[in-house]
Structures are given as structure tokens and as C-alpha cells.
Amino acid sequence: MVMTKVVAGRDPVPVSELAEPEVPERATRRVFSRWYKLKILAEYERCGRDGKGALLRREGLYTSSISEWRKQRDEGALQGLGAARGRPPTDPREHELARLRHENARLQSDLARARRVIEVQGKLSALLEQLAAGSAETNGGESK
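Residues numbered from 1 in each chain as written. Predicted model: local features only at pLDDT ≥ 70, side-chain atom pairs only at ≥ 80, totals over all residues. Heavy atoms only, no water.

### Some words on the overall build of the protein
Helix and strand content of the protein: 5 helices and 2 strands. Scanning the protein from its N terminus toward the C terminus, one meets helices and strands in the order β-β-α-α-α-α-α. By residue count, 10% of the 144 residues in the protein fall in the buried class. Looking at the protein alone, contacts between residues at least 24 apart form 47% of all its contacts between residues at least 6 apart. Summed over all atoms, the accessible surface of the protein reaches about 13,200 Å², with 54% contributed by carbon and sulfur. (Helix = DSSP H or I, 4+ residues; strand = E, 2+ residues; numbered from the N terminus. Buried < 20%, exposed > 50% of the residue type's maximum accessible area, 1.4 Å probe, protein only. Contact = heavy atoms within 4.5 Å. Areas by Shrake-Rupley, 256 points an atom, 1.4 Å probe, with all protein chains shown as cover.)

### Details of the packing of aromatic side chains
A full pass over the atoms with the stated rule returns 3 aromatic pairs. On the numbers, 5.2 Å between centres and 15° between planes, the contact of Phe32 with Tyr36 is stacked. On the basis of an interplanar angle of 80° and a centroid distance of 6.2 Å, the ring pair of Tyr36 and Trp69 is categorised as edge-to-face. Taken together, the residues span a long stretch of sequence, with Tyr36 in helix H1 (residues 34–46) and Trp69 in helix H3 (residues 63–75) at a distance of 33 residues. Owing to a relative accessible area of 5%, Trp69 belongs among the buried residues under this scheme. Among the aromatic residues, ring-to-ring pairing joins Phe32, Tyr36 and Trp69 into one connected group. We note Arg34 situated over the ring of Trp35; from NZ or CZ to the ring centre the distance is 4.1 Å. (Phe/Tyr/Trp six-rings, centres within 6.5 Å; stacked < 30°, edge-to-face > 60°. Lys NZ or Arg CZ within 6 Å of the ring centre and 35° of its normal.)

### Describing the packing of H1 against helix H2 (residues 49–59)
In the contact formed by H1 and H2, the axes pass within 10 Å of each other and the chain directions differ by 150°. Taken as axis vectors, H1 and H2 run roughly antiparallel relative to one another. For the pair formed by H1 and H2, the contact residues are Tyr36, Ile40, Glu43 and Tyr44 on the first element and Lys52, Leu55, Leu56, Arg58 and Glu59 on the second. Looking at the contact of H1 with H2 residue by residue, the class counts come to 5 nonpolar, no polar and 4 charged. (Axes fitted to C-alpha atoms, helices over the stretch in contact; angles between N-to-C directions. Parallel < 35°, antiparallel > 145°, perpendicular 65-115°, else oblique. Nonpolar A, V, L, I, M, F, W, Y, C, P; charged D, E, K, R; others polar.)

Next up, the structure:
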């Protein structure tokens, strides 16, 4: 048995694939750009009563979408949608300032560590001198 599809005004056409009977697990939401919304609103407002219904059917929209888009347009929200998404771009000077602050903190830490090392080396040198002087006295001033 060959499945055919009949389209009004045309000859029957064989159907090569069966329609998918499975319903998707979760419906996907349509997202409309601001340009599309503004274009549809302009076209909708130019149409007569019958034309409005035809436009909605053709585009697969509902009157509630048109009402919501009108509110957005009147509040100026559709003009604001053109802005880039995400974080606002940072000033290069701020980036450089943060880098320099981080480097300054690292260098301060290195300097404090170096000062501690120098202090310990000074104490160690003084201790070794005391030990050398003490051993020289116990040996009776004899040099090896």
C-alpha cells in the first residue's frame, strides 16, 4: 500500500516518510526579535479586520502577543532590546588598574618575605660571630 498526500488543486503525491506520532517531551518556546515584532505590529495596524486575522494565522500568532508587543513598544522596551546582552564592556583603564593593584600586592608580599629573610640572616650572622668568638676564647686564642 502506497501512502499519498492530496493537496488541493494538485495530483496526489506519494509520502516517503510517515509523520512522527511522538509528541516532544517539552515544547520549545518561540523567541521573536524586536525587528520582527515591530514589523508585525506595523503590518497588523495597516490591515483591516479580515486582514488582521489572516496575518495572525499566517504567522501563527495570537492577539495576546500583539497586545503585549504594543505595550512593550509604547513603554519603549522594544527600542531597548537592541542593546548587547551580557556584561557591559569594561574600561581598559579599569582592567589595567586592577592588574596593577594585583601586581602591587604581590610585590608587597615578596618585599615583606625578603625583609624577613634578611632579618633572619642578620641574626644568624650575629649568632655565628658569637659562637666563633666563644670558641676562639676557649681554645686560648689559638688559630687553626
